[in-house]
Structures are given as structure tokens and as C-alpha cells.
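What follows is each chain in one-letter form.
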Amino acid sequence: MRQEQFLAMMPYISTDLVTTIVEKQKVSEEEAIKKLYDSRLYAVLEDEQTKVWQYSTSMLYSLLVQEEKSGDISFPDV
């Protein structure tokens, strides 16, 4: 995927994930954004070469919760 295509997709991925965090964790949008942007998951998600951006929103949310609970992320083989 070209870099400009990837960069165009990131806001949609982030928005879906923030919406999921707000709904599932009952936090404000600002807090959800902070949780996401401060996470190791987001750092990996920003790197197109990791292909993590291809995961579903529910999978990304599960990985975020895993990171919050254990401090680690185990990426599934997809």
C-alpha cells in the first residue's frame, strides 16, 4: 500500500477504535483518545509495515485491553 493511502486510512481506524473505547470502557472521548495515542498498540499501528492496521476494530480493541491489563501485546497470526 502506498504511504498516502495508508495515511488516509489512519483517521478512520483511529476514530472507530476511539468510539469502541468510549462505548466499552464508559470513558470520555478525550480519555479514549489519550488511552489510544499513549499505547504501544498505536505506535505499532502507525507503522504500515506491521500490517496491524488490517485487523478489525474489535481485534484492535482486544489488543489494547490486553496491553492495559498485562503491559504486553501478543499479536495473533492472521
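Rules used in this analysis
- The numbering scheme is per chain: residues are counted from 1 as the chain's sequence reads.
- At least 70 in pLDDT is required for a residue's local features to be given in this predicted model, at least 80 for side-chain atom pairs to be given and counted, and no such filter applies to totals for whole chains, interfaces and linings, which use all residues.
- Only hydrogens and water are set aside; all other atoms, that is, all heavy atoms of the structure, feed into the side-chain values.
- Secondary structure follows DSSP: runs of H or I at least 4 residues long count as helices, runs of E at least 2 residues long count as strands, and numbering of each begins at the N terminus.
- One less than the number of residues in a helix, times 1.5 Å, gives the span that helix is expected to have.
- For every residue, the accessible area (1.4 Å probe, protein chains only) is compared with the maximum for its type, and the residue is labelled buried under 20%, exposed over 50%, or partly exposed between those bounds.
- Think of it this way: Lys and Arg go in the positive column, Asp and Glu in the negative one, and His and the chain ends go nowhere.
- Salt bridges are defined as contacts in which a side-chain nitrogen from Lys or Arg sits within 4 Å of a carboxyl oxygen from Asp or Glu.
- Within 3.5 Å is the distance limit for a polar contact, defined as a pair of N or O atoms, with the added protein rule that one can donate a hydrogen and the other accept it, and that residues adjacent in sequence qualify only through two side-chain atoms.
- Note on definitions: a residue-residue contact is assigned when non-hydrogen atoms from the two residues lie within 4.5 Å.
- Pairing of aromatic side chains requires ring centres within 6.5 Å, counting the rings of Phe and Tyr and the six-membered ring of Trp. Pairs whose planes differ by under 30 degrees are stacked, by over 60 edge-to-face, and all others tilted.
- Each axis is a line fitted through C-alpha atoms, and for a helix only the stretch in contact is used; angles between axes span 0 to 180 degrees, taken between their N-to-C directions.
- Roughly parallel means an angle under 35 degrees; roughly antiparallel, over 145; roughly perpendicular, 65 to 115; everything else is oblique.
- Working rule for handedness: look at the near helix, and if it is turned counterclockwise from the far one by less than a right angle, call the crossing left-handed; if clockwise, right-handed.
- Gly is placed with the polar residues, together with every amino acid not listed as nonpolar (Ala, Val, Leu, Ile, Met, Phe, Trp, Tyr, Cys and Pro) or charged (Asp, Glu, Lys and Arg).

**Focus on the environment of Thr19**
Point 1. Note on placement: Thr19 falls in helix H1 (residues 3-25).
Point 2. For the pair Thr19 and Ala32, spaced 13 residues apart in sequence, the C-alpha to C-alpha distance is 7.9 Å.

**Quick look at helix H4 (residues 57-70)**
The α-helix winds at 3.6 residues per turn, so residues separated by three or four positions along the chain end up facing the same way.
Point 1. Here H4 is 14 residues long and its end C-alpha atoms lie 20 Å apart, about the 20 Å a rise of 1.5 Å per residue gives.
Point 2. For H4, the full list of buried residues reads Leu60, Tyr61, Leu63, Leu64, Val65 and Glu67.
Point 3. With its phi angle positive at about 80°, Gly71 sits one or two positions after the end of H4.

**What to know about the side chain of Glu67**
Point 1. By the element assignment, Glu67 lies in helix H4.
Point 2. No salt bridge is formed by the buried Glu67, whose closest oppositely charged neighbour, Arg40, lies at an N-O distance of 5.6 Å.
Point 3. Separated by 2.7 Å, the side chain of Glu67 and the backbone nitrogen of Arg40 make a polar contact.
Point 4. Here the side chain of Glu67 touches Leu41 through a polar contact of 3.0 Å, landing on its backbone nitrogen.
Point 5. Not counting chain neighbours up to four residues away, the residues in contact with Glu67 comprise Ser39, Arg40, Leu41, Asp72 and Ile73.

**Notes on the packing of aromatic side chains**
Point 1. This structure, assessed with the given rule, holds 1 aromatic pair.
Point 2. Between Tyr37 and Tyr42 the ring centres are 4.7 Å apart and the planes differ by 40°, which places this aromatic pair in the tilted class.
Point 3. For Tyr37, a relative accessible area of 45% gives the class partly exposed.

**Things to note about the packing of H1 against helix H2 (residues 29-37)**
Helix packing geometry: the angle between the two helix axes and the distance between the axes.
Point 1. At their nearest, the axes of H1 and H2 sit 9 Å apart, and the two run at 120° to each other. Considering their axes alone, H1 and H2 lie oblique with respect to each other. The handedness of the crossing between H1 and H2 comes out as right-handed. Across the interface between the two elements, Ser14, Leu17, Val18, Ile21, Val22 and Gln25 of H1 pack against Glu29, Ala32, Ile33, Lys35, Leu36 and Tyr37 of H2.
Point 2. Classifying every residue of the contact of H1 with H2 gives 8 nonpolar, 2 polar and 2 charged.

Just distances and angles here, no functional claims.
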